[in-house]
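What the coordinates show
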Amino acid sequence: MKFPRLEIDLNKIQHNTEIITRECHKRGISVAGVTKLFSGDKRIAKALVDGGVDWIADSRVENLKRFKDFDLPKMLLRQPMLSQSSMVVKYADVSLVSEQVVVKKLDKVAQKQGKLLNVILMIESGDLREGIFFKDEIDEAVKDILSMDNVRLLGIGTNFNCFGGVKPTREKLMNLIEIRNEIQTEFGVSIEIISGGNSGTLGLFKYDAIPLGINQLRLGASLSLGIGLDDIGIEDLHNDAFILATEIVERRNKPSVPIGDIGANSSGKQVNFVDKGIRARVNCAIGRQDIQPEEMEPIDPDIEILGASSDHLILDVTDSPIYYKVGDKIRFRISYRGCLSCMTSSYVGKKFF
Ligand SMILES: *Cc1c(COP(=O)(O)O)cnc(C)c1O
């Protein structure tokens, strides 16, 4: 078996998905299951589908293409590149949009392909990634989209906690509903969906703070890693569906402070060392090319991560009751960012349970 490897527990992912979709459905909220963490892997996507999500959502249209045989509507999360419009129309049923020039192109392509593409217009709520901020520009975009024949304005949406780290609040969501109401009155249309954010918005469930009218959430981290706002674990969910297993290639006793003139290390930084005397150190065959050490946490609480270079992870195992030797495996819980980079690294194997 190949190491390092991600050990992925599909049952845990499906379990998380079942619990969350049930909670959302109870509140009249449909779930777009976000698969962008999976690098297009169908086995993991299937766990979301089996867990009951209503949509499959990904930021990359290449991944939606891989999921084309799943019998669920597909949503493209990232605003489409003009250069990918024909793929978007072909593989997405709904696309989150914020630029009329793109929607115009999608409309043209949809006509050529004989399709109707749904779009959700993104509204800027202050996190400052995607979406339209000014009301008159929202109106302009709505007017333009309504004038197109092969694109349908399915809804409006917003995003939180991505660039600015801005948290969702009842107030911000009420504002979104207000915008929906104004559009409906001004243009005499019905706006079916209000997409109220990502896993961070689940935190509002506890306070019953999601206003009636928000009827879709786009959920990734909560389903796969059991985490919500600020990466904090959500009650009753598994947060260990992804475990990283690495193999030891060296175990040696060494001083804890480097010997010689100290300059920058391979990360370009000069590090200060604490002298703890001679310590048992282990090197594992994984490095910054695959994952940043800050994104890993040893399952054995008595192991300390000392650092990493591109291809080596360096650990202090002196305090562990387990005697680790060359060839043994050391396992880690990993963060969302760590999971993303390991899923993307072709050097990290994937083993499913
Ligand atoms: C990634 C993403 C999501 C999912 O975010 P999670 O925090 O993983 O739930 C939702 N919406 C958009 C637009 C995204 O890019």
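Quick notes on the rules
- Residues numbered from 1 in each chain as written.
- Predicted model: local features only at pLDDT ≥ 70, side-chain atom pairs only at ≥ 80, totals over all residues.
- Heavy atoms only, no water.
- Helix = DSSP H or I, 4+ residues; strand = E, 2+ residues; numbered from the N terminus.
- Buried < 20%, exposed > 50% of the residue type's maximum accessible area, 1.4 Å probe, protein only.
- Contact = heavy atoms within 4.5 Å.
- Lys, Arg positive; Asp, Glu negative; His and termini not counted.
- Charge placed at Lys NZ, Arg CZ, Asp CG, Glu CD.
- Near = heavy atom within 4 Å.
- Polar contact = N/O pair within 3.5 Å; in protein donor to acceptor, adjacent residues only side chain to side chain.
- Areas by Shrake-Rupley, 256 points an atom, 1.4 Å probe, with all protein chains shown as cover.
- Nonpolar A, V, L, I, M, F, W, Y, C, P; charged D, E, K, R; others polar.
- Salt bridge = Lys/Arg side-chain N within 4 Å of Asp/Glu carboxyl O.
- Phe/Tyr/Trp six-rings, centres within 6.5 Å; stacked < 30°, edge-to-face > 60°.
- Lys NZ or Arg CZ within 6 Å of the ring centre and 35° of its normal.

Moving on, we get to the overall build of the protein chain. Counting secondary structure elements, the protein chain contains nine helices and 16 strands. Oriented by its inertia axes, the alpha-carbon framework of the protein chain measures out at about 75 × 40 × 40 Å. With 353 residues in all, the protein chain has 50% of them scored as buried. Restricting the contact set of the protein chain to residue pairs at least 6 apart, pairs at least 24 apart contribute 65%. Computing the positive centroid from 47 side-chain charges and the negative centroid from 49, the protein chain places the two 6 Å apart.

Near the ligand, the surroundings consist of 13 residues, among which Lys36, Ser199, Arg218, Gly220 and Ala221 are the closest. Here Ser199 contributes a side-chain N or O atom positioned 2.5 Å from an oxygen atom of the ligand. In the model, an oxygen atom of the ligand is placed 2.8 Å from a nitrogen or oxygen of the Gly220 main chain. Against a free-state accessible area of 380 Å², the protein chains account for coverage of 91% of the ligand. Residues of the shell around the ligand, tallied by class, amount to five nonpolar, four polar and four charged.

Quick look at the pattern of salt bridges now. For the structure on display, the rule yields 22 salt bridges. The salt bridge partner of Glu192 is Arg152, with a shortest N-O separation of 3.6 Å. With Glu192 in the loop between α7 (170-187) and β8 (193-195) and Arg152 in strand β7 (residues 151-157), this pair connects stretches of sequence that are 40 residues apart. On the accessibility criterion, Glu192 (46% relative accessible area) is partly exposed. Residue Arg152 is classed as partly exposed on the basis of its relative accessible area of 35%.

On to the packing of aromatic side chains, then. Within this structure, the stated rule accounts for two aromatic pairs. Here the aromatic rings of Phe67 and Phe70 are separated by 5.9 Å at their centres, their planes lie at 55 degrees, and the arrangement is tilted. Taken individually, Phe67 and Phe70 each receive the classification buried, so the pair is uniform in this respect. The cationic tip of Lys329 hangs over the ring face of Phe3; the distance from NZ or CZ to the ring centre is 4.6 Å. We note Lys351 situated over the ring of Phe353; from NZ or CZ to the ring centre the distance is 5.7 Å.

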